[in-house]
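So the chains spell out like this:
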Amino acid sequence: MTDEALIVLESVNKWFGPLHVLQDVSLSVARGEVVVVIGPSGSGKSTLCRAINRLEPINSGTITFDGQPLAAEGRALAKLRSEVGMVFQSFNLFAHKTILQNVMLGPIKVRKEKQAVVRDRAMGLLERVGIANQAEKYPAQLSGGQQQRVAIARALAMQPKALLFDEPTSALDPEMVGEVLDVMTSLAREGMTMVVVTHEMGFARHAANRVVFMADGQLVEQAPPEEFFANPKSERARDFLSKIL
Ligand code: ADP
Ligand code: MG
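The numbering scheme is per chain: residues are counted from 1 as the chain's sequence reads. The naming scheme follows written order: chains are lettered A onward, ligands numbered 1 onward. Local features in this predicted model are restricted to residues of pLDDT 70 or higher, and side-chain atom pairs are both shown and tallied only at a pLDDT of 80 or more, whereas totals for entire chains, interfaces and linings draw on every residue. Note: side-chain values were computed over all heavy atoms of the structure, leaving out hydrogens and water.

- Per an unreviewed UniProt entry, the protein is named ABC-type polar-amino-acid transporter, and its organism is Actinoplanes lutulentus.
- Its UniProt record gives the protein a comment under Sequence similarities (unreviewed entry), which states: "Belongs to the ABC transporter superfamily."
- UniProt positions are given in the numbering used here, feature names are shortened, and annotations may be inferred rather than shown by experiment. On record in UniProt, under Subcellular location (unreviewed entry), the comment for the protein is "Cell membrane".

Here it is in structure tokens:
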């Protein structure tokens, strides 16, 4: 991790009609840093992720990525999306394409890269997430944990500068959570910049550089995991932890 900020949010506000879902949120994520975002359901964690990727426009404040303000549209937006990978709770793989095709699609369609180059990279990534032997299968033939690992490989195929994860293990059967967290932990160790929304406190403890606690659209507190879990400062964080730990 370096001190250089890759993702910077300054006083970000977002409303859904009357609902103030992001309230003056400021957050800076350094290159190579792993930030785990936790908080009760409805606190704005998904909206925060979507705002960083500009899947959700904001009403005020600024978000910069790699020194550039987030682009609203056009080529610059497409570039941003290819530089910030996103992994969702639902894996969103294309059902009628093979695993390998799913991983190859972005670089070929969006970046117009050469088939052979992309194929090699995709196979390497499938190897890395432990799915290379399933490359010719279709998503429905894989378990949820395997599909989510494919979704991670697909995000990595775009060679992103950062990855956002929005509850990547919440839809999985319990026995499959570990295999996905293992892949994420190794990415974290390799220096990938990651923002991870999760309820997996073990992952937060072991892989995060920083834990950010959100409630009701506010970033209530943030601290390194050992500090946060040993000594949460706000009443709301203590209350949240008492319910999930
Ligand atoms: P979290 O991910 O922490 O559970 P979300 O970011 O999904 O929270 O949602 C924050 C709040 O915004 C919730 O009250 C949710 O119901 C509301 N919300 C989310 N998306 C929309 C939307 N597209 N339109 C209206 N309200 C929304
Ligand atoms: Mg959410």
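Section: the UniProt feature "domain: ABC transporter" (unreviewed entry) in the protein
- Under the UniProt annotation, "domain: ABC transporter" (unreviewed entry) lies at residues 7-241.
- Helix and strand definitions follow DSSP, with helices as H or I runs of at least four residues and strands as E runs of at least two, each counted in order from the N terminus. Each end of residues 7-241 is marked by a C-alpha atom, and these two atoms are 27 Å apart; helix forms 40% of the span and strand 26%.

Looking at the site of ligand 1
- Residues are counted as near a molecule or strand when any one of their heavy atoms sits within 4 Å of it. Taken together, Phe 16, Leu 19, Val 21, Pro 40, Ser 41, Gly 42, Ser 43, Gly 44, Lys 45, Ser 46 and Thr 47 make up the full set of residues near ligand 1.
- Whenever two N or O atoms come within 3.5 Å, that pair is a polar contact, provided that in protein one can donate a hydrogen and the other can accept it, and provided that, for residues adjacent in sequence, both atoms are side-chain atoms. Gly 42 is positioned with one of its backbone polar atoms (N or O) 2.7 Å from an oxygen atom of ligand 1.
- Here an oxygen atom of ligand 1 and a backbone polar atom of Ser 43 are 3.1 Å apart.
- Accessible areas in this description were obtained via Shrake-Rupley with a 1.4 Å probe; residue shielding takes into account the shown protein chains only. Coverage of ligand 1 by the protein amounts to 58% of the 560 Å² it exposes when considered alone.
- Elements that contribute at least two residues to the shell around ligand 1 include exactly strand E2 (19-30) and helix H1 (45-52).
- Ranked by residues supplied to the shell around ligand 1, first place goes to H1 with 3 residues.

Things to note about the pairing of strand E6 (residues 84-87)
- Partly exposed describes any residue whose relative accessible area lies between the buried limit of under 20% and the exposed limit of over 50%, with all areas from a 1.4 Å probe on protein chains only and scaled to the type maximum. In E6, alternate side chains face the same way, and those of Val 84 and Met 86 on one face and Gly 85 and Val 87 on the other are all buried.
- Here E6 pairs with strand E7 (residues 162-166) via 4 bridges, running parallel. When the sheet's bridge partners are listed, Val 87 is paired in E7 with Phe 165. The rule for pairing is simple: two strands pair if DSSP sees at least two bridges between them.

Observations concerning the pattern of salt bridges
- Any carboxyl oxygen of Asp or Glu that lies within 4 Å of a side-chain nitrogen of Lys or Arg is treated as forming a salt bridge with it. With the rule as written, the count across this model stands at 16 salt bridges.
- The shortest N-O distance in the salt bridge between Lys 161 and Glu 83 comes to 3.4 Å. Placement of Lys 161 in the loop between helix H5 (144-157) and E7 and of Glu 83 in helix H2 (residues 74-83) is noted, with a sequence separation of 78 residues between them.
- When its relative accessible area of 32% is taken as the criterion, Lys 161 is described as partly exposed.
- By relative accessible area, which is 14% here, Glu 83 ends up buried.
- When the shortest N-O distance is used, the salt bridge between Arg 128 and Glu 190 registers 2.4 Å. Taken together, the positions of Arg 128 in helix H4 (residues 115-128) and Glu 190 in the loop between helix H6 (174-189) and strand E8 (193-197) put the pair 62 residues apart, joining distant regions of the chain.
- Assessed through its relative accessible area of 51%, Glu 190 is described here as exposed.

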